[in-house]
Amino acid sequence: MKKVITYGTFDLLHWGHINLLKRARELGDYLIVAISTDEFNDLKNKKSYHSYENRKMILESIRYVDEVIPENTWEQKIDDVINNNVDVFVMGDDWEGKFDFLKDYCEVVYLPRTVGISTSKIKKDLFSVRNG
């Protein structure tokens, strides 16, 4: 079985996220998604609308996702790859080159982002609607 892993916050889920998950799953037989915990988001000075538990529940309901695990630190990726027997590490191409150190442990793939959508864009649009 070929295992794939990807990481993210996956807050305010949109079709770009679904597109990434679908394409990541197509690279293997089993997709693991590591999502940032609320505590890790705090360390990154990032605020999610949905709690970790709610984001986890949402991701677990997506047909492309086989397993959801917590992302607690930046440094856990090597251990995650080894402990889960991961064959392919996938991230959006906005992270191009940042995770090449994982090539010693698995294949590293950077997928193109879905054009026209991002969580940042949604937040900006909602802010402009709210503040008219």
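Residues numbered from 1 in each chain as written. Predicted model: local features only at pLDDT ≥ 70, side-chain atom pairs only at ≥ 80, totals over all residues. Heavy atoms only, no water.

Turning our attention to the environment of Lys2. Mapped onto the fold, Lys2 is located in the segment before β1 (3-8). For Lys2, the residues in contact, after removing those within four places along its chain, are Leu27, Gly28, Asp29, Tyr30, Asp87, Val88 and Glu107. (Helix = DSSP H or I, 4+ residues; strand = E, 2+ residues; numbered from the N terminus. Contact = heavy atoms within 4.5 Å.)

This next bit is on the sheet that holds strand β4 (residues 88-92). Either a parallel or an antiparallel arrangement is found when strands of a sheet pair, and the pairing is made through backbone hydrogen bonds. Strand order in the open sheet formed by five strands is β3-β2-β1-β4-β5, and the pairing between neighbours is parallel. Because the sheet does not close on itself, it has two edges, and the strands there are β3 (67-71) and β5 (107-111). Between one strand and the next, the sheet's axes are offset by a mean angle of 25°, whatever the strand orientation. Across three bridges, β1 lies against β4 in parallel orientation. Within β4, the position partnered with Ile5 by the bridge is Phe89. (Pairing = 2+ DSSP bridges. Axes fitted to C-alpha atoms, helices over the stretch in contact; angles between N-to-C directions.)

Taken by themselves, the reported measurements are silent on function.
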